[in-house]
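Secondary and tertiary structure notes
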Amino acid sequence: MAIIKDKVSFVKSVGAIVNVDNGVIDKVFGKPQTVNTELIEYDTATVEGVLPEYNSFRNSANIVTKNGKDTVKIAPVNFNDSISKDVLNADAMKFGENEYGDGRVDPMMESMLNGVGRLHLNAMVGTKKVAYEALTTFKIAGGYEGKNGKEDIVFPVRAANKEVLDGTTYKKWNDALGAATPLDDIARAYDAMKIKPSFIIMNSTTYAKFINNSTVLTADNTNGGKAKNFYQNTNIDGTKDFFFAGKLIYNHVSLDIYVEKGVYKDKAGSTLPYLSNGYVIYSNNGNGNLYYGGIPKASKGGVKRIRAVFDVDEVITVNPPVDEVIYRTAPLPVLKQPEGFYSQKTF
């Protein structure tokens, strides 16, 4: 039984009551693409004359090399969620008078809007978490449902493009002795990349270590032959979780710096950053894609898959009878240009 008579207008309403700043999705992955198939097929570019040192695609994708490119078929990450109508109805009583002025909420719209908004928020949080997981580790743990159960999705980024500062050869940015050299660390990563990045992303804690380093906050000093290394953005929008912090110009390196300050709560109630402390992500605009795989729907002939970003239904199950709102979505952040990504763990 479908309770949503006008799904288009309803979806617009849901979008107004959730708040997840997906600036990183817009920046790196661009406009979402939808398909109605179970598996998503995409090409990964290869660098001529260089052996593709993949971390691994074993058990997580089917790879076929054709015309100098690796064609990959992989399953999306499903965020399927549901909530009981009993819970929604109880929550609905917290609202005030409805449009009829009888002191009661409209039992359909208020409960549905509250419940689906909550499920929509959970899915948006999950999508953003998965995107940052892919950007920092080059994989999505347990993101693929295969014959052997849940397996990792591992993207074809060279193992050499993931660096962890050891604290000895390269000092960590939170070194108590203040011996860190973040500008040199960034320049080293920049030089190691075959496709040069245009920006880097770090979270607010990492940015604080960066900006307070003595080599970063330098003043203009033309008489001494020194140039300013970092130009801070003086018009930061404090309402944004993802924002442009400034421009780094150091020797031959020119990079925009973006900061992610967003946090979420896990199932235990702990508050965690979307982008983990210490990570610095190197990329260009649109280096990846956000695919939405076909969402399974019951049909007379069995199951069909629809092309959508998300889908909502109310269903009644029996034994025991349960009236639930079902929310389905299947996003997959894909690192399409493997040589254009670099992950650096600075502390």
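Small disclaimer: the values here were computed from a predicted structure and weren't measured.

1. A look at the pattern of salt bridges
- All chains considered together, the criterion is met by twelve salt bridges.
- Across the pair Glu260 and Lys128 runs a salt bridge whose closest N-O atoms are separated by 3.1 Å. Remark: Lys128 occurs in helix 4 (residues 109-137) and Glu260 occurs in strand 12 (residues 253-260); sequence separation between them is 132 residues. The same class applies to Glu260 as to Lys128, namely buried.

2. Notes on the packing of aromatic side chains
- Under the defined criterion, the tally for this structure stands at eleven aromatic pairs.
- Plain terms: the ring middles of Phe210 and Phe230 are 5.5 Å apart, the flat faces sit at 85° to each other, and that makes the pair edge-to-face. Here Phe210 is found in helix 6 (residues 204-211), whereas its partner Phe230 is found in strand 10 (residues 230-232), with 20 residues between them in sequence. Each member of the pair, Phe210 together with Phe230, is buried.
- Chaining the aromatic ring pairs together yields one cluster made of Trp173, Tyr207, Phe210 and Phe230.
- The residue whose ring lies beneath Lys128 is Tyr274, and the NZ or CZ to ring-centre distance is 4.3 Å.

3. Here's the deal with the sheet that holds strand 5 (residues 81-84)
- A sheet is described by the order of its strands in space; here three strands give the open sequence 5-20-19, paired in antiparallel fashion. In this open sheet, the two edge strands, each paired with only one partner strand, are strand 5 and strand 19 (311-317). On average, adjacent strands in this sheet sit at an angle of 25° to one another, irrespective of strand direction.
- Relative to strand 20 (residues 322-328), strand 5 runs antiparallel, the two sharing four bridges. What sits directly across from Asp81, in strand 20, is Tyr327.

Rules and cut-offs
Residues numbered from 1 in each chain as written. Predicted model: local features only at pLDDT ≥ 70, side-chain atom pairs only at ≥ 80, totals over all residues. Heavy atoms only, no water. Salt bridge = Lys/Arg side-chain N within 4 Å of Asp/Glu carboxyl O. Helix = DSSP H or I, 4+ residues; strand = E, 2+ residues; numbered from the N terminus. Buried < 20%, exposed > 50% of the residue type's maximum accessible area, 1.4 Å probe, protein only. Phe/Tyr/Trp six-rings, centres within 6.5 Å; stacked < 30°, edge-to-face > 60°. Lys NZ or Arg CZ within 6 Å of the ring centre and 35° of its normal. Pairing = 2+ DSSP bridges. Axes fitted to C-alpha atoms, helices over the stretch in contact; angles between N-to-C directions.

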